[in-house]
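Coordinate inspection notes
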Amino acid sequence: MAEALKHLIGPHTARDTADAVASALNTFDPAAFLDDILPVIDGLELMQRGQCIADALRRHLPDDFEAAAAILHACLPGPDRAGLSGWALLSFNQYVAAHGRDHLGTALGLLKALTPHFTAEFGIRPFIADDQEKALAIIKGWVNDTNHHVRRLASEGTRPRLPWAMRLPRLVQDPSPILPILEALIDDEEDYVRRSVANSLNDIAKDHPDLVADFVERHKADASKDRLWLLKHASRTLLKKGHAKALANFGYEQLSDVTVTLALENDHVGFPGELGFEIHLFNTGSEPRTILVDYAIHHQKKDGSLSPKVFKGRSLMIEAGDSVTIAKRHAFRPITTRVYHAGAHRLEIMLNGVVQTGADFDLAAPEDSDGAERHAR
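Criteria and thresholds
- Residues numbered from 1 in each chain as written.
- Predicted model: local features only at pLDDT ≥ 70, side-chain atom pairs only at ≥ 80, totals over all residues.
- Heavy atoms only, no water.
- Helix = DSSP H or I, 4+ residues; strand = E, 2+ residues; numbered from the N terminus.
- Buried < 20%, exposed > 50% of the residue type's maximum accessible area, 1.4 Å probe, protein only.
- Contact = heavy atoms within 4.5 Å.
- Salt bridge = Lys/Arg side-chain N within 4 Å of Asp/Glu carboxyl O.
- Pairing = 2+ DSSP bridges.
- Expected span 1.5 Å × (residues − 1).

Before going further, it helps to examine unusual backbone geometry. The omega torsion of the bond from F271 to P272 falls at -5°, within 30 degrees of zero and hence cis. Within the secondary structure, P272 is located in the loop between β2 (268-269) and β3 (273-283). Even without glycine at this site, D222 takes up a positive phi of about 55°. With respect to the helices, strands and loops of the structure, D222 is situated in the loop between α13 (209-219) and α14 (225-234).

A few words now on the environment of E45. Within the secondary structure, E45 is located in the loop between α2 (30-37) and α3 (46-60). Residue classification places E45 among the partly exposed residues on the basis of a relative accessible area of 46%. As a C-alpha pair, E45 and K6 span 39 residues in sequence and 5.4 Å in three-dimensional space.

Right, let's get into the side chain of E156. Counting through the fold element by element, E156 comes out in helix α9 (residues 148-156). Not counting chain neighbours up to four residues away, the residues in contact with E156 comprise E121, R125, L162 and S196.

Here we come to the environment of K301. With respect to the element layout, K301 can be found in the loop between β4 (289-300) and β5 (306-318). The exposure class assigned to K301 is partly exposed, which follows from its relative accessible area of 40%. Beyond its immediate sequence surroundings of up to four residues, K301 is in contact with L306, S307 and H341.

A complete count under the given rule lists 26 salt bridges for this structure. A salt bridge links E133 to R170, with the shortest nitrogen-to-oxygen separation between them at 2.7 Å. Highlighted residues: E133 in helix α8 (residues 132-139) and R170 in helix α10 (residues 169-173), separated in sequence by 37 residues. What makes R170 partly exposed here is its relative accessible area of 44%. R195 serves as the salt-bridge partner of D191, at 2.8 Å between the closest nitrogen and oxygen. Residue D191 and its partner R195 are both found in helix α12 (residues 191-205); the two are separated by four residues, about one turn of the helix. Where salt bridges share partners, they join E121, R152, E156, R159 and D203 into one cluster.

As a further point, take the sheet that holds strand β7 (residues 343-351). Across the sheet, which stays open at both edges, the five strands sit in the order β2-β8-β7-β4-β5 with mixed pairing between neighbours. Because the sheet does not close on itself, it has two edges, and the strands there are β2 and β5. As judged from the two bridges shared by β2 and strand β8 (residues 354-363), these two strands associate in the parallel manner. Within β8, the residue paired with H268 across the bridge is D362.

Let us look at α12. Every α-helical turn comprises 3.6 residues, leaving residues that sit three or four positions apart pointing alike. The first and last C-alpha atoms of α12 sit 21 Å apart over 15 residues, in line with the 21 Å expected at 1.5 Å per residue. Of all 15 residues making up α12, twelve are buried, and the element is well covered by its neighbours. For α12, the full list of buried residues reads V193, R194, S196, V197, A198, N199, S200, L201, N202, D203, I204 and A205. Those residues of α12 that are buried lie in contact with α9, α11 (179-185), α13, α14 and α15 (236-240).

Remember, this is a structural readout, not a statement about activity or role.
Listed below in structure tokens is the structure:
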């Protein structure tokens, strides 16, 4: 059995932190620091464990944040020291986010120094929320840093809807202040950074679809292979939703001369089980057609209504007069992100973002020993 995630931080982390701080601050009392942590840390979950160490740092470091920040900086890896890295630095993020809010430059400087050794994308967000203009003025300077972790922090930490992190409502409403950051990093030499740029643009597309479609249009001319991948990945939500300009950006025009038929292998699917189906496409026109084939499963909700989820299929070109058959199997199995309900479902086929045809099927759910429907979570 895999070890619980919370054990990434534990008594060993507290002891490593105590040793590092003691090396940087000769008045530090490691025994008293550990007395605040070791009796309680085993009963806590991951984030609570980090916070426990951060709270102890607050009690045992100088009250002056500037002085405390210098000590924490001295705990990071350097030319003459191994220093702390990895999950041991979660508590540093939490400490800085809680106690450095009146020391913007020093706090962001420490998080910048920290991020090559552990992510600081969550730590910088409170500072952006507090003073967006001043924080972004500092963060924009990171796009030319020699360390790719710092450059990625500029794009990832400013994402309006970064998963598992506090949302940045002002940037959700108006993302224009971070577009210069994304433009500066669009051709970064590191895939790690470019993926972050694409994910940030995809975040923005959920609230400002036309803005992102226009951004992609401006930047796709003479684009490299890497940039084209980035722009398409940034457009993935728009492509799923059939946004006309996003589709046109990648050559997916509205189709009037491609016919599609759908055949189900079975219209009753067990749980767990698979829905097998075939899609037959025929280009009746006189020109080749570039086609993006997606499909949507309309899942039954608890109240009996249906809720669609689009799944990516494939992109292909069909010559005039040619046909293509695509065989596909969609699995229904227990997952943590969905509750399945037995009963009527629907499959729909989308070409270039437009629904062309569909078919209904029933999903059967197993029953537990009490006869109650079991939901796969």
